[in-house]
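Given next are the chains, with one letter for each unit.
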Amino acid sequence: MKTQVLYKIFILIALFILSVAVLIGVPFIGMTAISINGIFSKTTGSFIFWNIRLPRVLIAFLAGSALAASGAAFQAMFRNPLATPFTLGVAQGAALGASLYLWLGLRFDTFGFSGISFFGFLGAAAAILIVYGLTRLKKGFAIYTILLAGVVVSFFFSSLILFIQYVSDFTQSLYIMRWLMGGLETVGYRSVLDIAPFVLAGNVIIILFANELNLLVIGEDIAVSRGVDLRRTKIVLFLSVSMMVGVVVSVCGPIGFVGLIVPHICRLVIGHDHRYLVPAVIFFGGIFLTFCDMLSRTLIAPAEMPVGIITALLGAPFFIWLLFRK
Amino acid sequence: MNVIEAKKLSFNIYGKDILREVSFAVDRGEFISIIGPNGAGKSTLVKCLLRIFIGGGGAILIKGKPLESYNQRELAKIISYVPQTGELIPPFTVYEFVLMGRYPYLSPLSSPKKDDHEAVTEALMLTGTDEFAGRELSTLSGGERQKVFIAAALAQGSEIMLLDEPTTFLDPKHQYDILKILRKVNEYGVTIIAVTHDINHAVSFSRRILGIKEGKMVFDGVPEGIMKNETLYELYERSFTFIVHPKTGMPLILPDAE
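Rules used throughout
- Residues numbered from 1 in each chain as written.
- Chains lettered and ligands numbered in written order.
- Predicted model: local features only at pLDDT ≥ 70, side-chain atom pairs only at ≥ 80, totals over all residues.
- Helix = DSSP H or I, 4+ residues; strand = E, 2+ residues; numbered from the N terminus.
- Rg over C-alpha atoms; globule rule 2.2 N^0.38 Å.
- Buried ≥ 20, exposed ≤ 12 C-beta atoms within 10 Å, placed from the backbone.
- Contact = placed C-beta atoms within 7 Å.
- Pairing = 2+ DSSP bridges.
- Axes fitted to C-alpha atoms, helices over the stretch in contact; angles between N-to-C directions.
- Nonpolar A, V, L, I, M, F, W, Y, C, P; charged D, E, K, R; others polar.
- Parallel < 35°, antiparallel > 145°, perpendicular 65-115°, else oblique.
- Left-handed = near helix turned anticlockwise from the far one by under 90°.
- Expected span 1.5 Å × (residues − 1).
- Core = buried A, V, L, I, M, F, W, Y, C linked by C-beta atoms within 7 Å.

## Comments concerning the overall build of chain A
- The number of helices and strands found in chain A is 13 helices and two strands.
- Relative to the 2.2 N^0.38 estimate, which gives 20 Å for 326 residues, the radius of gyration of chain A is 20 Å and therefore close to what a compact globule would have.
- C-alpha extents for chain A along the principal axes are approximately 65 × 55 × 40 Å.
- A total of 326 residues make up chain A; the buried ones form 49% of that total.
- Across chain A, contacts joining residues at least 24 apart in sequence account for 77% of those joining residues at least 6 apart.

The following block contains the structure:
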């Protein structure tokens with residue numbers, strides 16, 4: 001038993017070191033070669049490093065960790081391996097909000113949010129409210145009801161997004177379409193600062209609920225009988241996940257697959273105990289998306305692929321390999 | 001002293017009455033079996049006591065105080081639960097799973113203390129599951145797993161244990177293992193309330209039986225009282241034969257074949 005715990009701690013330390021290495025190392029990789037000395041001199045290379053690549057890597061890491069941790073939380077809460085912010089309609093809600101913002105051609109900031117983040121958050125919150133409201137109509141808040149409601153809401157919102165695209169003019173439509181494919185390009189630290197507080201807060205909350213998530217995996221009845229305040233746990237986790245996802249999706253687009261496969265991969269390596277699993281998922285989600293984004297901007301350079309394509313293309317075979325390895 | 005008192009407890013799901021004005025009181029240290037046909041409301045009754053189901057009519061008092069006045073953690077320190085397990089296989093090792101029974105005593109991020117580990121070890125010893133403490137629950141047989149579920153409830157350190165069909169799906173040896181464990185737990189002073197379909201187990205192991213049918217309490221008394229055809233007919237709508245076990249001298253209740 002001692003060795004199992006040591007093994008898990010070793011994995012977490014390894015993931016942490018790898019995270020730091022990725023955050024420092026990946027900004028050096030790209031079309032323009034940059035040397036270590038180059039980043040401290042006044043050159044184009046140093047500008048690219050500090051203002052384009054580093055913020056982009058930070059966003060990728062934050063977004064990856066947020067989407068993956070949300071997936072892990074939802075999978076435990078719904079005791080369903082397919083539960084993610086996407087299957088529950090939260091991401092589509094955020095996407096709808098952001099699409100609406102783009103379609104209306106708005107440009108504004110509120111409360112220190114960028115306008116698109118604010119709309120994304122509103123959309124995610126709307127999705128949660130609808131899903132939650134639908135389940136409140138029926139007694140008992142059953143897990144399957146929520147999952148089903150989430151699927152329905154996500155289809156509904158996806159259709160609304162298509163509708164917005166249809167009525168948009170050509171440029172707007174293309175813009176929305178490109179945004180929907182997911183992308184992490186950014187200049188400067190504005191977007192990083194936009195999402196960082198939400199991602200950090202959300203991840204910390206999910207870590208704090210690790211014991212509750214463990215019990216929820218076993219079953220709601222058991223969790224309640226062990227002393228879990230189910231209502232409070234669900235509301236807090238639901239709200240923090242939707243805030244996190246809403247803000248991330250509004251900045252990066254709905255990047256799929258990270259929330260699904262990262263928790264599963266981590267579970268295969270570190271087990272189901274959320275006290276270790278959640279931190280592992282946060283690190284590995286960040287590493288995974290950063291790596292995918294690096295590929296998306298280097299594989300067909302100078303052109304770029306939407307990162308959502310890479311996460312799926314890379315993630316699916318890797319996941320299948322892991323699944324059949326045992 | 002009453003540890004549990006239910007006063008005219010009612011509960012409905014989607015307008016269908018599952019419990020109708022059920023009243024009873026449980027003394028400290030009792031060993032009670034709840035019997036009754038499928039769909040009688042036995043599991044619902046247990047879930048109301050655990051506050052898994054909320055919003056019923058009537059009142060439930062736990063140690064003299066209303067159920068609502070406890071928060072979930074406080075309640076968990078008083079009542080533990082062994083659910084109908086069947087296909088429920090948590091993805092943890094035995095030790096990890098039993099340690100989760102200590103949840104009401106843990107704060108977020110704090111790691112389990114010495115007394116948590118002691119409670120777990122004691123629960124494992126008492127249920128005879130210490131020998132496979134390091135194994136995954138998925139590698140155990142149904143009977144072994146059921147013992148682990150009881151160990152997890154024991155580790156919770158509560159004075160009342162509610163069990164929902166703890167012996168269903170088990171072979172005769174494991175059924176008796178479980179019942180003997182429950183008897184031992186009861187001797188340690190834990191109040192046991194178990195839902196069961198096995199009338200013979202109820203008669204030979206518990207000291208009091210509650211019979212529920214269509215949400216109503218139709219019998220509340222000592223085992224001897226249930227061994228009457230009119231009582232059992234009222235519960236199950238069929239007749240039974242009562243004989244004495246030739247070897248053990250224990251009463252046996254056999255349903256009459258058509």
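Picking up after the structure, the text goes on.
## A look at the overall build of chain B
- Each helix and strand in chain B was counted, giving nine helices and twelve strands.
- For 258 residues, the compact-globule estimate of 2.2 N^0.38 gives 18 Å, and the C-alpha radius of gyration of chain B, at 19 Å, lies within 12% of that figure.
- Each of the three principal axes of chain B carries a C-alpha extent, and together these read 55 × 45 × 35 Å.
- When burial is assessed residue by residue, chain B has 43% of its 258 residues classed as buried.
- By sequence separation, contacts in chain B at least 24 residues apart represent 64% of the contacts at least 6 residues apart.

## Considerations on the environment of His201(B)
Residues and elements named next belong to chain B.
- In this fold, His201 is placed in helix α7 (residues 199–205).
- With 57 residues separating them along the chain, His201 and Glu144 place their C-alpha atoms 19 Å apart.
- Not counting chain neighbours up to four residues away, the residues in contact with His201 comprise Thr167, Leu179 and Thr196.

## A few points about the sheet that holds strand β2 (residues 16–27) of chain B
Residues and elements named next belong to chain B.
- Read across the sheet, four strands follow the order β2-β1-β4-β5 without closing on themselves; strand pairing throughout is antiparallel. Sheet topology places β2 and β5 (65–66) at the edges, where each strand pairs with a single neighbour.
- Across the sheet, helix α1 (residues 42–49) is in contact with β1 (2–13), β2 and β4 (57–62); its angle to β2 comes to roughly 60°.

## A word on the interface of chain B and chain A
- Across the contact, 27 residues belong to chain B and 19 residues belong to chain A.
- Elements with a minimum of two residues in the side of chain B that touches chain A: α2 (72–78), β6 (79–82) and α3 (94–99) of chain B.
- With four residues, α2(B) is the single largest residue contributor to the side of chain B that touches chain A.
- Partitioned by chemical class, the residues of the side of chain B that touches chain A number 18 nonpolar, six polar and three charged.

## Thoughts on the pairing of strand β10 (residues 216–221) of chain B
- Here strand β9 (residues 208–213) of chain B pairs with β10(B) via five bridges, running antiparallel. Each residue of the ladder has a partner; that of Leu210(B), found in β10(B), is Asp220(B).

## Brief notes about the packing of helix α7 (residues 190–208) of chain A against helix α10 (residues 230–252) of chain A
Residues and elements named next belong to chain A.
- Interhelical geometry of α7 versus α10 gives an angle of 155° and a closest axis separation of 9 Å. The pairing of α7 with α10 is recorded here as roughly antiparallel in orientation. With respect to the hand of their crossing, α7 and α10 are arranged in left-handed fashion. Between α7, through Ser191, Asp194, Ile195, Phe198, Val199, Ala201, Gly202, Ile205 and Ile206, and α10, the contact on the second element is made entirely by Val236, Leu237, Ser240, Val241, Met243, Met244, Val247, Val248 and Val251.

## A look at α10(A)
- Given a rise of 1.5 Å per residue, 23 residues ought to cover 33 Å, and the 32 Å separating the end C-alpha atoms of α10(A) matches this to within 8%.
- In the segment just after α10(A), Gly253(A) is the residue with positive phi, at about 85°.

## A word on the nonpolar core
- Counting 171 residues, the largest nonpolar core has Ala63(A), Val245(A), Val248(A), Val281(A), Phe284(A) and Val98(B) as the members making the most contacts within it.
- Element by element, the count of residues in this core is highest for helix α2 (residues 44–77) of chain A, at 16 residues.
- The residues touching Phe284(A), leaving out its near neighbours within four places in the chain, are Leu15(A), Ala68(A), Val262(A), Ile265(A) and Cys266(A).

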